[in-house]
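Remarks on the overall topology
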Amino acid sequence: MRTKLLAEADGRRTYAIVMDKGDDPVTELGRWATENSVGGASLTGVGAFRRAVLAFFDPVRKEYLPMEVNEQAEVLSLIGDIAESGGSPAVHAHAVLGLRDTSTRGGHLMEADVWPTLELIVTETPTTLRKQHDPETGLALINPDAADAPSH
């Protein structure tokens, strides 16, 4: 994974992050956010995966149901955020993948194997975003009332 700070203004930093072949974007983004003390960010990306695990949240079961994509796929859209959860940065991303036959698969990105690249633009927010447990869904959701100034 390679990163470059593109701009910094008004407490907001924008980075270009390029994933290498074989990287798992969820793992690598989480590591990068921890190493750089990123408490809140939005992200977008395009590229390709040679395999991925997407998921659909079942509100009745209150769990993610995994869907494996075991073929080369274009990342048509990847959007998400980074927010603090339990004292550490948590990556929350959704992806739409285009398959060879032009069909698509989409959902919550659980893991993936980048091939040949994934190009991301990550914009750090000037405040730390915090997730809190939501008892109705069982999920950790961003609570905008719990946002505060960053420590960097």
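Reading guide: rules and limits
- Residues numbered from 1 in each chain as written.
- Predicted model: local features only at pLDDT ≥ 70, side-chain atom pairs only at ≥ 80, totals over all residues.
- Heavy atoms only, no water.
- Core = buried A, V, L, I, M, F, W, Y, C linked by side-chain atoms within 4.5 Å.
- Buried < 20%, exposed > 50% of the residue type's maximum accessible area, 1.4 Å probe, protein only.
- Helix = DSSP H or I, 4+ residues; strand = E, 2+ residues; numbered from the N terminus.
- Contact = heavy atoms within 4.5 Å.
- Phe/Tyr/Trp six-rings, centres within 6.5 Å; stacked < 30°, edge-to-face > 60°.

With that settled, consider the nonpolar core. Nonpolar side chains in soluble globular proteins generally cluster together in the buried interior. Among the nonpolar cores identified, the biggest contains 28 residues, and Phe49, Leu78 and Leu97 are the most heavily contacted of them. Of the residues forming this core, the biggest block, six residues, is contributed by strand β7 (residues 104-124). Beyond its immediate sequence surroundings of up to four residues, Leu78 is in contact with Leu43, Thr44, Gly45, Phe49, Ala93, His94, Ala95, Leu109, Leu118 and Leu120.

Working definition: an aromatic ring pair is given by the centre-to-centre distance plus the angle between the planes. Per the counting criterion, the structure on display carries two aromatic pairs. Judged by centre distance (4.9 Å) and plane angle (80 degrees), the ring pair of Tyr15 and Trp32 falls under edge-to-face. Linking Tyr15 in strand β2 (residues 12-19) with Trp32 in helix α1 (residues 25-35), this pair joins segments that are 17 residues apart in sequence. When sorted by exposure, Tyr15 lands in the same class as Trp32, which is buried.

Coordinates in, geometry out; function isn't part of it.
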